[in-house]
Amino acid sequence: MALTRHTTAKKISQPGSLNSPATGYLAALAGNPNTGKSTLFNALTGLKQHTGNWPGKTVVQARGNYRHEGKLVTLVDLPGAYSLWASSPEEEVARDFICFGRPDVTIVVVDATCLERNLNFVLQVMEITPRTIVCLNLIDEARRRNIHIDDQKLQSRLGVPVIPTAARSGEGLNLLKDAVNRVASGAVRPEPRQIRYEESIEQAIEELAATFVPSLQEGINKRWIALRLIGGDYSVISSIGKHLGSGRIKGEGEYGTGTAGKDVFK
Ligand SMILES: Nc1nc2c(ncn2[C@@H]2O[C@H](COP(=O)(O)OP(=O)(O)OP(=O)(O)O)[C@@H](O)[C@H]2O)c(=O)[nH]1
Ligand SMILES: [Mg+2]
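Keep in mind it's a predicted model, so treat the numbers as computed, not measured.

Undergrad: Mind showing me how you'd approach the overall build of the chain here?
TA: Within the chain, the secondary structure is distributed over 11 helices and seven strands. In the chain, which comprises 266 residues, the share counted as buried stands at 50%. Considering only residue pairs separated by 6 or more positions, the chain has 66% of its internal contacts joining residues 24 or more positions apart. Here the chain has roughly 13200 Å² of accessible surface; of this, 50% comes from carbon and sulfur atoms.

Undergrad: What should I look at first to understand the pattern of salt bridges in this one?
TA: Should their charged atoms come close, side chains of opposite charge can pair. One pass over the structure, following the stated rule, counts 10 salt bridges. Across the salt bridge formed by Arg143 and Glu171, the nearest N and O atoms sit 2.5 Å from each other. Of this pair, Arg143 sits in helix 5 (residues 139–144) while Glu171 is found in the loop between strand 7 (162–164) and helix 7 (173–185), placing the two residues 28 residues apart along the sequence. For Arg223, the salt bridge goes to Glu202, with nearest N and O atoms at 2.9 Å. Note that Arg223 is positioned in helix 10 (residues 222–230) and Glu202 in helix 8 (residues 199–209), a separation of 21 residues in sequence. On the basis of relative accessibility, which here comes to 5%, the residue Glu202 falls in the buried class. Here the salt bridges share partners, and the residues they tie into one network are Arg95, Asp96, Arg228 and Asp233.

Undergrad: What exactly am I supposed to notice about unusual backbone geometry here?
TA: Most peptide bonds take the trans form, and the phi angle of most residues other than glycine is negative. Residue Asn34 is not a glycine yet carries a positive backbone phi of 70 degrees. Along the chain, the position of Asn34 falls in the loop between strand 1 (25–30) and helix 2 (37–45).

Undergrad: Is there a simple way to explain the side chain of Lys177 in this structure?
TA: The residue Lys177 is located in helix 7 in this model. If sequence neighbours within four positions are ignored, Lys177 has contacts with Leu44, Tyr66 and His68.

Undergrad: Is there a simple way to explain the sheet that holds strand 7 in this structure?
TA: Neighbouring strands of a sheet are bound in pairs by backbone hydrogen bonds; such pairs are parallel or else antiparallel. With mixed pairing, seven strands are arranged side by side in an open sheet as 2-3-4-1-5-6-7. Among the strands making up the open sheet, the edge pair consists of strand 2 (49–53) and strand 7. Here the strands of the sheet are splayed against their neighbours by 25 degrees on average, with no regard to which way each runs. With six bridges joining them, strand 5 (residues 105–111) and strand 6 (residues 132–137) adopt parallel strand pairing. Within strand 6, the position partnered with Thr106 by the bridge is Thr132.

Undergrad: Teacher, can you tell me more about the site of ligand 1 here?
TA: As a structural note, the neighbourhood of ligand 1 is formed by 14 residues, with Lys37, Ser38, Thr39, Asp140 and Ala167 the closest of them. Take Asn34: an N or O atom from its main chain is 3.0 Å from an oxygen atom of ligand 1. In the model, a nitrogen atom of ligand 1 is placed 2.9 Å from a nitrogen or oxygen of the Asp140 side chain. A breakdown of the residues in the shell around ligand 1 according to their chemical character gives four nonpolar, seven polar and three charged.

Undergrad: When you look at the packing of helix 8 against helix 10 in this model, what are you seeing that I'm missing?
TA: Angle between the axes and distance between the axes: these two values describe a pair of packed helices. Remark: helix 8 packs on helix 10, axes separated minimally by 9 Å, with the N-to-C direction vectors making an angle of 115 degrees. Overall, the two elements helix 8 and helix 10 adopt an arrangement that is roughly perpendicular. Remark: the crossing between helix 8 and helix 10 carries right-handed chirality. Every residue of helix 10 that contacts helix 8 at Ile201, Glu202, Ala204, Ile205, Leu208 and Ala209 is listed here: Lys222, Arg223, Ala226, Leu227, Leu229 and Ile230.

Scoring rules and cut-offs
Residues numbered from 1 in each chain as written. Chains lettered and ligands numbered in written order. Predicted model: local features only at pLDDT ≥ 70, side-chain atom pairs only at ≥ 80, totals over all residues. Heavy atoms only, no water. Helix = DSSP H or I, 4+ residues; strand = E, 2+ residues; numbered from the N terminus. Buried < 20%, exposed > 50% of the residue type's maximum accessible area, 1.4 Å probe, protein only. Contact = heavy atoms within 4.5 Å. Areas by Shrake-Rupley, 256 points an atom, 1.4 Å probe, with all protein chains shown as cover. Salt bridge = Lys/Arg side-chain N within 4 Å of Asp/Glu carboxyl O. Pairing = 2+ DSSP bridges. Axes fitted to C-alpha atoms, helices over the stretch in contact; angles between N-to-C directions. Near = heavy atom within 4 Å. Polar contact = N/O pair within 3.5 Å; in protein donor to acceptor, adjacent residues only side chain to side chain. Nonpolar A, V, L, I, M, F, W, Y, C, P; charged D, E, K, R; others polar. Parallel < 35°, antiparallel > 145°, perpendicular 65-115°, else oblique. Left-handed = near helix turned anticlockwise from the far one by under 90°.

Shown next as structure tokens:
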């Protein structure tokens with residue numbers, strides 16, 4: 001029986017739906033709008049997909065799966081976002097999934113015809129998770145326009161796998177699936193190039209991160225959380241509350257909806 005939009009929306013909205021499937025790998029597809037994420041999603045998952053809304057949002061979520069070398073991979077097609085500052089519902093969904101959904105791999109789909117503009121987003125994702133793969137999509141269009149990209153050099157500069165693809169024709173998809181399995185299984189451990197900020201900021205990050213409660217320290221990338229807080233992005237506190245059940249910041253009142261009653265800071 002085909003899943004209807006109604007039944008799947010209910011299914012996706014269950015608490016905990018952000019988390020990894022019980023078996024297999026969870027992979028997120030992220031990137032700027034119009035880079036071919038949904039084309040890639042459709043090419044990889046075929047008809048094995050369902051859609052619904054993200055809990056509490058009117059933003060559409062699409063999930064699907066495929067098998068590669070015996071492994072089931074669940075793929076989540078995230079809404080297009082220019083940054084992870086969470087300045088729109090789409091960006092908030094993308095940021096929260098990458099940060100709190102604990103994907104085994106985040107595939108950042110970039111447009112090979114305007115790489116430079118897309119790299120900003122890549123760097124932001126690499127700040128959250130080392131389990132990042134860059135999918136250099138629309139490589140056919142880049143070729144047509146005589147744009148040559150040295151993907152090996154890009155890979156060594158970024159420190160994460162870079163896979164050229166043309167999602168519309170299927171070019172490169174097998175290599176992409178190989179890379180997903182390798183990064184998800186830990187056979188390949190990317191070492192993304194990290195942005196190092198000026199010393200005073202680095203020190204503030206260290207001091208702030210050391211004050212987080214232990215449960216937060218284990219759960220997510222505390223450097224990234226500290227950076228967001230230093231930048232004045234308190235929406236991240238609300239997201240911690242929603243996804244990790246810890247929504248309060250001492251002396252600042254309630255920010256999140258978490259019920260565990262733990263503070264973010266010690
Ligand atoms: N030539 C070429 N066109 C592609 C490729 N991948 C996607 N496209 C086209 O690019 C356009 C955008 O593709 P989408 O898959 O909708 O992009 P998206 O990233 O999901 O867009 P948003 O959901 O709006 O963020 C469509 O017209 C696709 O057919 C590719 O590899 N080569
Ligand atoms: Mg799309």
